[in-house]
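Summary of the model geometry
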Amino acid sequence: MRMDYFKSKLFLKYIWSYLFILLIPLVFMTVFLYENAVKTLRTEIESSRLAQLSQTNVTIDSRMKELSEIASRISYDNRLSSYRVTNIQTSPEAIRALDQYKATSSMIDEIYLYFHDDTRIYSSKGLTDFEVFADNLSFERWDKQSLYNDLNETKHPTVRPADVVTKTGGVQDRKLAYLIPITPNSLNPHATVMFFIKESQITNLIDSILGNYQGLTYVLDAEGQVLTANHQGDTLSTDALAALIKGITPGIQERTLDGKDHSIVSVQSETNGWTYMTVMPSSQFFSSVLDVRSFMMMIIGIVLLVGVAIALVLAKMQYQPISTLVEFAASLKRNLMESREMGAPMNWNGFVLPCRITAPALIYRNRMLGTSICRP
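Residues numbered from 1 in each chain as written. Predicted model: local features only at pLDDT ≥ 70, side-chain atom pairs only at ≥ 80, totals over all residues. Heavy atoms only, no water.

As for the sheet that holds strand E2 (residues 120-123)
Sheets are built from strands that pair by backbone hydrogen bonding, the pairs being arranged parallel or antiparallel. Condition: Only when DSSP finds a minimum of two bridges between them are two strands counted as paired. Counting from the N terminus, the helices are DSSP H or I runs at least four residues long and the strands are E runs at least two residues long. Here, residues are in contact when the closest pair of their heavy atoms is within 4.5 Å. Interaxial angle, 0 to 180 degrees, is taken between N-to-C directions of lines fitted to C-alpha atoms, where a helix line uses only the stretch in contact.
Pairing is antiparallel across the open sheet formed by 7 strands, whose spatial order is E3-E2-E1-E7-E6-E5-E4. The two strands at the open ends of the sheet, each matched to only one other strand, are strand E3 (126-129) and strand E4 (138-139). In terms of strand pairing, strand E1 (residues 110-115) meets E2 through 2 bridges, oriented antiparallel. Bridge assignment links leucine 113 to a residue of E2, and that residue is tyrosine 122. Against the sheet, helix H6 (residues 199-207) touches strand E5 (158-166), strand E6 (172-182) and strand E7 (191-198), its axis set at about 50° to E7.

Looking at a nonpolar patch on the surface
Where we set the bar: To count toward a patch, a residue needs a relative accessible area above 30% and no salt bridge. Like charges then connect within 9 Å, nonpolar side chains (Val, Leu, Ile, Met, Phe, Trp, Tyr) within 5 Å. Accessibility throughout is a Shrake-Rupley quantity obtained with a 1.4 Å probe, and a residue counts as covered only by protein chains that appear here. Note on definitions: salt bridges are taken to be side-chain nitrogens of Lys or Arg within 4 Å of carboxyl oxygens of Asp or Glu.
On the surface, Phe295, Met298, Ile299, Ile302, Val303, Val306, Ile310, Val313, Leu314 and Met317 cluster together to form a nonpolar patch covering roughly 880 Å² of accessible area. Within the secondary structure layout, phenylalanine 295 lies in helix H9 (residues 290-342).

Here we look at the pattern of salt bridges
Let me state the cut-off plainly: Classification of residues uses two cut-offs on accessible area relative to the type maximum, computed with a 1.4 Å probe and protein chains only: under 20% is buried, over 50% is exposed, and between them is partly exposed.
By the definition in use, this model includes 10 salt bridges. One salt bridge connects lysine 198 with aspartate 173, and the closest N-O pair in it is separated by 3.9 Å. You can see lysine 198 sitting in strand E7 and its partner aspartate 173 sitting in strand E6, a full 25 residues away along the chain. Classification of lysine 198 as partly exposed rests on a relative accessible area of 32%.

With respect to the nonpolar core
As a reminder, the rule being used: Nonpolar core, defined: a set of buried Ala, Val, Leu, Ile, Met, Phe, Trp, Tyr and Cys residues in which side-chain atoms within 4.5 Å join the residues together.
Membership of the largest hydrophobic core comes to 39 residues, with the highest contact counts inside it found for Met64, Ile74, Leu80, Ile111, Leu113 and Phe195. Of all the secondary structure elements, the ones that give two or more residues to this core are helix H1 (9-75), helix H3 (91-103), E1, E5, E6, E7, H6 and strand E11 (260-268). Once residues lying within four places of it in the same chain are set aside, the contact partners of leucine 113 are Ile74, Leu80, Val85, Leu98, Ile121, Tyr122, Ile182, Ala191, Thr192 and Val193. Counting 16 residues, the second largest nonpolar core, distinct from the first, contains Ala134, Trp142, Leu151 and Val165.

So, the environment of tyrosine 76
By the element assignment, tyrosine 76 lies in the loop between H1 and helix H2 (82-86). Of the residues examined, tyrosine 76 reaches a relative accessible area of 59% and is grouped as exposed. Separated by 106 residues in sequence, tyrosine 76 and isoleucine 182 place their C-alpha atoms 9.2 Å apart.

As for H6
Cut-off, in case you're wondering: Summarising the geometry, the arc corresponds to the directions from the helix axis toward the C-beta atoms.
Those residues of H6 not exposed but buried are Glu199, Ile202, Thr203, Ile206 and Asp207. The arc enclosing the buried residues of H6, seen along the axis, measures out at 120°, which places them on a common side.

Regarding the sheet that holds E11
A sheet is described by the order of its strands in space; here 5 strands give the open sequence E9-E8-E12-E11-E10, paired in antiparallel fashion. Strands with a single pairing partner mark the edges of an open sheet, and in this sheet they are strand E9 (226-232) and strand E10 (251-257). In this sheet, neighbouring strand axes are inclined to one another by 20° on average, regardless of whether the strands run parallel or antiparallel. In this sheet, E11 lies alongside E10 in antiparallel orientation, the contact comprising 7 bridges. Across the sheet, the residue bridging to arginine 255 is histidine 262, located in E11. Each of strand E8 (215-220), E9 and strand E12 (275-281) is contacted by H6, which is oriented at about 55° to E9, the strand it contacts most.

Describing the pairing of E11
Turn length for the E10-E11 hairpin, with the two strands adjacent in sequence and antiparallel, is 2 residues, and the turn residue aspartate 258 shows positive phi of about 55°. As paired strands, E11 and E12 are joined by 7 bridges and run antiparallel to one another. Along E12, the bridge assignment pairs valine 265 with threonine 278. Between E11 and E12, which follow one another and run antiparallel, lie 6 residues, and glycine 273 among them has a positive phi close to 80°.

As for the confidence of the model for the chain
Stated precisely, the cut-off is as follows: Per-residue confidence from the predictor is given as pLDDT, running between 0 and 100.
Put simply, the chain has an average pLDDT of 80, and 79% of its residues get 70 or more. Contacts from residues 348-359, a stretch scored under 50 in pLDDT, to residues over four places away or in other chains number 13 contacts. Segment residues 372-376 is flagged for pLDDT under 50; beyond a separation of four residues in sequence, or across chains, it makes 0 contacts in the model.

As for the side chain of threonine 217
Relative to the helices and strands, threonine 217 is located in strand E8. Its relative accessible area of 2% is what places threonine 217 among the buried residues. Each residue touching threonine 217, except ones within four places of it in the same chain, is listed here: Ile206, Asp207, Leu210, Thr228, Ala229, Asn230, Met277 and Thr278.

Quick word on the pairing of E2
Counted between consecutive antiparallel strands, the loop separating E1 from E2 contains 4 residues, among which aspartate 117 sits at a positive phi close to 65°. As judged from the 4 bridges shared by E2 and E3, these two strands associate in the antiparallel manner. Among the inter-strand pairings, tyrosine 122 is bridged to a residue of E3, identified as leucine 127. The hairpin turn running from E2 into E3, its antiparallel successor, is 2 residues long.

Below is the structure:
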């Protein structure tokens, strides 16, 4: 292709017209592919979260069931009867029995046995005066009197939300308290088994679902009370959380919270009514297609280069006949100018006469001129 073609405005117009025809479908194709990639990735992530939440639900349900079974076994264990626990001679055996029950579940941080209206409470570490126990373990939202009332009056298994527990020496940790009256299902229970569960035992199971994404995780009880909550780089206001909990239904949802779109995936337990939920800003799905976007940009770049090459070829094919005609006209004009300078004969239109016509004409004129001169 000759470089002087690019000096022609007509040739450049041909190129731009073909490029324009190429770019319109290319732009629409790019938008379609990008949106489809985001939608596909989002669906895969949400489906994966839903499956993982279901697995977490099954795992926690089974562990909570273990605790209920432990409480049931304690209620029928003679070593842990009121008489043997309070007896000085048999109480060490009762303490060892509690320690054995604690070892049967990795979810238990500590186990306590309290007989109604007693002044002492028993654990896997020994017996403690209730006043001393309440002073050594200070709850942020559970005062001593409320603790005493709950241990004496609870009629049904109850889980208290994760609370900050401060031990002697100022050591703090977040724990849930699971209270199970014994004998289970009795209208008049005589004692309460209390399990302490570290919040991390539950949050570690559900937080892994978020992976590297920002978001929040919640575990709600059957009444919608938040038992545990954790976040990775994202937070919700109190009003947004209240609105979320009020309108939550199991499955996958899209909600606007605090002015931002969020993807919400939740699963509800059929055993205890607990809800396991993850909340993620939807904007992350667009940033997660970087690899797909890079691949798409490479493909688009290749298509664009091929399109430019095709546009150049088509423009050349379209422009070349015109260029040839222009060159032919220019050569005729140049020949005309040269002929005028040399005095070549021309017809009445000013074009140079062909040689086969001008030569005989010149001979004839010469003869006529000679005849006139020879006449007397």
